[in-house]
Amino acid sequence: IKWAHVDHEIVVLSGPRGVGKSELAKKYAQEFKLDKVSSTLWINSKNHLSVKDAFRDLAITVGLSTENKPGTTIVRDVINHFANRKTLIIFDNAE
């Protein structure tokens, strides 16, 4: 992952269930913290609702307003909030 991340901003781990993708991502996230990362965001991507809920929870955690906002706006607001920070975003369980 580290070598791929040097050349690319986005790295995708794919493979069948149970081969260790999440564990590999977790290990990389721990190493990434050593590289002065501001934040690591772990998004449960099992389905559309879990992604929406994860971003809504993140927005609330960082103090962003979610009242009367559609999910796409909340996602954009969260991404913008972290845009100027060195941030690792892991979308786990995406199929």
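Check the entry above for the structure.
Treat the numbers as computed from the prediction; the structure is a model and nothing was measured.

*Asks:* Looking at this structure, how should I read the pattern of salt bridges?
*Replies:* Should the charged atoms of two oppositely charged side chains come close, the side chains can pair. Counting across every chain of the model gives three salt bridges. For the salt bridge of Lys-26 with Glu-23, the shortest nitrogen-to-oxygen distance reads 3.6 Å. Here Lys-26 pairs with Glu-23, and both are found in helix α2 (residues 21-34), just three residues apart, close to one helical turn. The exposure class assigned to Lys-26 is partly exposed, which follows from its relative accessible area of 39%. Residues joined in a network through salt bridges with shared partners are Lys-69, Arg-76 and Asp-77.

*Asks:* Help me understand the packing of aromatic side chains, please; the structure alone is not making it clear to me.
*Replies:* Aromatic ring pairs are defined here through the distance separating the ring centres and the angle between the ring planes. Under the definition given, this model contains one aromatic pair. Directly above the aromatic system of Phe-82 lies the positively charged group of Arg-85, at a separation of 5.8 Å from the ring centroid.

*Asks:* Would you mind going over unusual backbone geometry with me for this structure?
*Replies:* As a rule of thumb, non-glycine residues mostly have phi less than zero, and peptide bonds are mostly trans rather than cis. Even without being glycine, Asn-68 reaches a positive phi, approximately 60°. Here Asn-68 is to be found in the loop between α3 (48-61) and α4 (71-82). A positive phi angle is found at Asn-93, which is not glycine, with a value near 70°. Mapped onto the elements, Asn-93 comes out in the segment after β2 (87-92).

*Asks:* Honestly, the nonpolar core in this entry has me stumped. Any pointers?
*Replies:* Taken as a class, soluble globular proteins show a tendency for nonpolar side chains to be buried jointly. Membership of the largest hydrophobic core is limited to nine residues, which are Leu-41, Ile-43, Ala-54, Phe-55, Leu-58, Ala-59, Ile-74, Val-78 and Phe-82. Mapped by element, the contributors of at least two residues to this core are β1 (39-44), α3 and α4. The element best represented in this core is α3, accounting for four residues. Non-local contacts of Ile-43, meaning those with residues more than four positions away in its chain, are made with Val-51, Ala-54, Phe-55, Leu-58, Ile-89, Ile-90, Phe-91 and Asp-92. Counting six residues, the second largest nonpolar core, distinct from the first, contains Ala-25, Ala-29, Leu-88 and Ile-90.

Procedures and definitions
- Residues numbered from 1 in each chain as written.
- Predicted model: local features only at pLDDT ≥ 70, side-chain atom pairs only at ≥ 80, totals over all residues.
- Heavy atoms only, no water.
- Salt bridge = Lys/Arg side-chain N within 4 Å of Asp/Glu carboxyl O.
- Helix = DSSP H or I, 4+ residues; strand = E, 2+ residues; numbered from the N terminus.
- Buried < 20%, exposed > 50% of the residue type's maximum accessible area, 1.4 Å probe, protein only.
- Phe/Tyr/Trp six-rings, centres within 6.5 Å; stacked < 30°, edge-to-face > 60°.
- Lys NZ or Arg CZ within 6 Å of the ring centre and 35° of its normal.
- Core = buried A, V, L, I, M, F, W, Y, C linked by side-chain atoms within 4.5 Å.
- Contact = heavy atoms within 4.5 Å.

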